[in-house]
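Listed below are the residues making up each chain.
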Amino acid sequence: AVPEVAAAGTAPAPGVGTAAPAAFGALSARTQLQAELFTNRLAKRARHLRRWPTRQGIHCFRLYDRDIPEVPLLVDRYGEQLYIAEYERPHERTAVEHTLWLEEMTRVACAVTGVPRERAFLRRRQRMRGSDQYQRKGADGNDGGGGKPRVHRPPVDHPGRCVVEEGGLRFRVDLGTYVDTGLFLDHRITRGMVRDEVAGKRFLNLFCYSGAFTVYAAAGGAAETTSVDLSSKYLDWTADNMALNELLASRHRRIAADCMQFLRDQPPSPAFDVAVVDPPTFSNSKQLDSDWDVQRHHGELLELLLPLMSDGGVIYFSTNFRKFKFEWEAPEGVAVREISQQTVPPDFRNRKIHRCWRIVKGG
């Protein structure tokens with residue numbers, strides 16, 4: 001059975017973790033048809049991706065993302081585990097019928113991929129509304145100011161907590177507790193770009209979350225790294241990932257601070273050569289003096305960051321907000337280029353999973 005932990009904003013799917021009693025009845029004809037369509041689509045994707053991950057040394061990748069409208073699921077493979085997320089969508093099934101539907105789709109995913117049922121973890125992605133829109137919360141309802149899931153350190157035998165590999169590096173993920181797992185697969189290529197150009201340079205990771213970009217930068221030979229997040233829990237997760245790769249050192253700093261205030265507090269002189277800014281869309285953490293909104297505040301953030309970059313310094317700015325409009329007017333001598341087509345990995349059918357810009361400060 002798939003383990004479930006209730007979390008604010010990440011409600012467990014009904015019936016998950018318990019077998020459906022026989023009295024529930026057989027699957028409806030509609031569910032059987034959807035299961036057949038899902039089987040065929042997953043099998044096709046699995047065949048398509050069979051050799052590509054091995055050739056590229058990729059162990060975590062996306063298999064399915066609402067390819068069939070009637071099956072609004074996301075299926076990611078994390079090594080020998082499956083992460084399955086259900087998108088909130090109106091349907092006419094009763095609670096019992098929906099439990100059977102979820103169990104059948106999970107069974108199909110396991111059967112097609114060969115992953116044992118106990119290694120498949122199911123979550124529900126709820127649509128946020130009003131002031132909670134775009135937030136991703138942890139078990140206590142606190143988003144830690146980063147808008148990403150709060151790190152949880154369950155016992156070592158927690159079935160969804162495991163170590164996976166990407167790019168020859170190791171990362172701890174939690175598949176059984178939160179909607180977001182600790183490793184955003186859509187930025188696999190962007191992380192590689194950072195590693196390729198950071199040797200001997202000073203690296204800054206704002207809204208660092210679990211520190212995946214920092215791990216890549218340190219592994220790429222960065223002279224020093226600075227990881228900033230409002231949540232000390234995320235910084236612990238970053239330290240955990242650095243330790244997994246034997247990269248903990250005094251030249252790798254972790255700072256618990258509001259990222260905007262951190263920038264305001266820095267002396268206006270070049271301190272960084274490469275920076276990554278991957279902020280949440282929205283955050284109304286009680287630790288912040290005012291709400292964070294990526295559309296409203298991205299220009300101010302970049303204005304604060306630019307003076308801290310060296311001549312020729314590179315900023316990678318990214319967002320997952322689908323309605324985002326890049327409205328910052330860069331000063332003369334600063335080159336801004338959208339590179340989203342190059343950064344979205346080929347396993348992502350949704351080519352709008354994120355948008356990414358490369359900003360270079362002229363020398």
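Thresholds applied
Residues numbered from 1 in each chain as written. Predicted model: local features only at pLDDT ≥ 70, side-chain atom pairs only at ≥ 80, totals over all residues. Heavy atoms only, no water. Phe/Tyr/Trp six-rings, centres within 6.5 Å; stacked < 30°, edge-to-face > 60°. Helix = DSSP H or I, 4+ residues; strand = E, 2+ residues; numbered from the N terminus. Buried < 20%, exposed > 50% of the residue type's maximum accessible area, 1.4 Å probe, protein only. Lys NZ or Arg CZ within 6 Å of the ring centre and 35° of its normal. Expected span 1.5 Å × (residues − 1). Arc of directions from axis to C-beta. Contact = heavy atoms within 4.5 Å. Polar contact = N/O pair within 3.5 Å; in protein donor to acceptor, adjacent residues only side chain to side chain. Salt bridge = Lys/Arg side-chain N within 4 Å of Asp/Glu carboxyl O. 1 Å grid on protein atoms, 1.4 Å probe; cavity = no way out; pocket = protein on both sides within 12 Å on 5 of 7 lines; lining within 4 Å. Points joined across faces, edges and corners; volume = space filled by probe spheres on them. Nonpolar A, V, L, I, M, F, W, Y, C, P; charged D, E, K, R; others polar.

Moving on to the packing of aromatic side chains. On inspection of all chains with the given rule, the structure shows 13 aromatic pairs. Between the aromatic rings of phenylalanine 38 and tyrosine 64, the centroid separation amounts to 4.9 Å while the plane-to-plane angle is 70 degrees, which identifies the pairing as edge-to-face. Of this pair, phenylalanine 38 sits in helix 1 (residues 29-48) while tyrosine 64 sits in strand 1 (residues 60-65), placing them 26 residues apart in sequence. Of the two residues, phenylalanine 38 and tyrosine 64, neither departs from the other in class, the shared state being buried. Joined through ring pairs, the aromatic side chains of Phe184, Tyr209, Tyr234 and Trp237 make up one cluster. The ring of tyrosine 87 carries the charged tip of arginine 66 above its face, separated from the ring centre by 3.6 Å. Over the ring of phenylalanine 213 we find arginine 191, and its NZ or CZ is 6.0 Å from the ring centre.

Before going further, it helps to spend a moment on helix 1. Residues spaced three or four apart along an α-helix face the same direction, because each turn holds 3.6 residues. Helix length check: helix 1 (20 residues) gives 29 Å between terminal C-alpha atoms against 28 Å at 1.5 Å per residue, within 8%. Along helix 1, the positions that sit buried rather than exposed are Thr31, Gln34, Ala35, Phe38, Leu42 and Arg45. Seen along its axis, helix 1 keeps its buried residues to an arc of 105 degrees; they face one direction. Exposed and oriented more than 90 degrees from the buried face of helix 1 are Ala29 and His48. Residues of helix 1 that are buried in the fold lie against strand 1, strand 2 (73-78) and helix 3 (95-113).

Let's shift gears to helix 8 (residues 294-305). For helix 8, every residue scored as buried is listed here: Val294, Gln295, His297, His298, Gly299, Leu301, Leu302 and Leu305. Packing partners of the buried residues in helix 8 comprise strand 7 (202-206), helix 7 (259-265), strand 10 (272-277), strand 12 (292-293), strand 13 (309-319) and strand 15 (355-361). Its side-chain oxygen at 3.0 Å from the backbone nitrogen of glutamine 295, aspartate 293 defines the N-terminal cap of helix 8.

What follows concerns the pattern of salt bridges. All told, the structure shown has 17 salt bridges when counted by the stated rule. Among the salt bridges present, the one from arginine 188 reaches aspartate 347, with a minimum N-O distance of 3.0 Å. In this pair, arginine 188 sits in helix 4 (residues 188-197) while aspartate 347 sits in the loop between helix 9 (340-343) and strand 15, placing the two residues 159 residues apart along the sequence. In this pair, the class of arginine 188 matches that of aspartate 347, namely buried. Bridged by salt links that share partners, the residues Arg62, Asp65, Arg66 and Asp76 form one connected network.

Right, let's talk about empty space enclosed by the protein for a bit. Applying the stated criterion to the full structure yields 2 cavities of 30 Å³ or more. When its volume is computed, the largest cavity comes out at roughly 130 Å³. Lining the largest cavity are 17 residues, and of these Phe184, Cys208, Tyr209, Ala212 and Phe213 lie nearest its centre. Counting residues per element, the ones that place at least two in the lining of the largest cavity are strand 7 and helix 5 (212-219). Here the residues of the lining of the largest cavity sort into 9 nonpolar, 5 polar and 3 charged. As a volume, the second largest cavity reaches approximately 40 Å³. Looking at the second largest cavity, the residues that line it are His187, Thr190, Phe213, Val276, Val277, Asp278, Tyr316, Phe317 and Ser318. Listing elements by their share of the lining of the second largest cavity, those giving two or more residues are strand 10 and strand 13.

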